[in-house]
Amino acid sequence: MADFALSFDEDLEGAFLYPFGEDALALILFGAPGSGKGTQAKILSSELAMPHISTGDMLRSRMDVDDALGRTILAVMKSGQLVPDEMVNRMVEERIDQPDCQHGFILDGYPRTLRQAEMVEWLLAARGLKQLVIHLQVDYNKLVGRLTARRQCPQCGTLYNLLSKPPLVMGRCDIEGAKLTIRADDSEPVIRQRLEAYEAQTRPLIEHFRGSGCLRDVDASERPPAEIAREIRQLVEEFRASL
Ligand code: ADP
């Protein structure tokens, strides 16, 4: 890691505006695009009362601002590439120091590169926080099908899937009645590029996390989301008990 120092001033611990609680934990949901990170994060955020921090959602809201930065983010996302590390690292650092993160938080879609993983480890160490990484394992062949069938409510963010979780009325959100939208990067060529970026830049992190003993594998291929969330909650409890 060249651009920022790995070491940190020990005095920093406890020097944050909103100090973290004793049981605070960074729960990292890790997996390929389409592995269900967003769905799990939404369920777990309400069950564990921890805020859901999605770098994809943060980038999409920034992209809605029609300025140079917004247009750059849009171009990168529509190409299926990753946004530069410095940008996402800064966004996450600012976000985790908000008061609602005091008892921990759920990271969805971050870290995605080795430099991001090093950054998050540094941020957590400086705050005295532990990380638990949940690896959502899904057969590669299933991912493209899942992503092309994905729809989202532009108002409340509820996720649907035409194959596994269709809305009650075709094309409309069950809650808001709003017309469901397809994400700009959920077209097949862009999906392929996102999966390539995952293979090249993100998948190698599995061994990095495994080496530090904080990774747990969860089978997320076929089982219903509620069952997967139950298993993750159990892993969180076991992890907390081991601290
Ligand atoms: P998915 O996990 O299905 O790809 P996300 O909403 O997490 O969906 O991400 C969508 C896009 O946002 C990515 O393809 C990438 O361009 C950008 N992005 C999200 N998180 C990161 C990150 N941590 N680092 C770099 N780019 C990111």
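Just so it is clear, the model here is predicted, and its values are computed rather than measured.

Q: Mind laying out the site of the ligand, listing which residues take part and the relevant values?
A: Around the ligand, 20 residues are found, and the nearest of them are T55, R60, Q81, Q116 and R194. Contacts to the ligand include G109, whose backbone N or O atom sits 2.9 Å from a nitrogen atom. Here an oxygen atom of the ligand and a side-chain polar atom of R183 are 3.1 Å apart. Across the complex, the protein chains shield 97% of the 540 Å² of accessible surface that the ligand would expose by itself.

Q: Explain the nonpolar core to me, using residue names and the numbers behind them.
A: Soluble, globular proteins show a tendency: their nonpolar side chains are buried together. Within the largest apolar cluster, 59 residues are counted, with the highest numbers of intra-cluster contacts made by L27, F105, L107, I134, F209 and I232. If we ignore the near neighbours within four places in the chain, the residues touching I134 are L27, I28, L29, F30, R216, V218, I232 and L235. By size, the runner-up hydrophobic cluster in this structure holds five residues, among which are C153, Y160, C173 and A178.

Q: Lay out the packing of helix α6 (residues 140–148) against helix α7 (residues 188–202) in plain terms, naming residues and giving numbers.
A: Their axes nearest at 10 Å, the elements α6 and α7 cross at an angle of 140°. Put simply, α6 runs oblique to α7. The chirality of how α6 crosses α7 is right-handed. Along its contact with α6, which presents Y140, L143, V144, L147 and T148, the element α7 presents E188, I191, R192, R194, L195 and E199.

Q: I'd love a proper account of α6, names of residues and values included.
A: Looking at α6, one finds that the buried residues are L143, V144 and L147. Take α6 and look down its axis: the buried residues cluster within an arc of 90°, on one side only. Considering only its buried residues, α6 is in contact with β5 (150–152) and α7.

Basis of the calculations
- Residues numbered from 1 in each chain as written.
- Predicted model: local features only at pLDDT ≥ 70, side-chain atom pairs only at ≥ 80, totals over all residues.
- Heavy atoms only, no water.
- Near = heavy atom within 4 Å.
- Polar contact = N/O pair within 3.5 Å; in protein donor to acceptor, adjacent residues only side chain to side chain.
- Areas by Shrake-Rupley, 256 points an atom, 1.4 Å probe, with all protein chains shown as cover.
- Core = buried A, V, L, I, M, F, W, Y, C linked by side-chain atoms within 4.5 Å.
- Buried < 20%, exposed > 50% of the residue type's maximum accessible area, 1.4 Å probe, protein only.
- Contact = heavy atoms within 4.5 Å.
- Axes fitted to C-alpha atoms, helices over the stretch in contact; angles between N-to-C directions.
- Helix = DSSP H or I, 4+ residues; strand = E, 2+ residues; numbered from the N terminus.
- Parallel < 35°, antiparallel > 145°, perpendicular 65-115°, else oblique.
- Left-handed = near helix turned anticlockwise from the far one by under 90°.
- Arc of directions from axis to C-beta.

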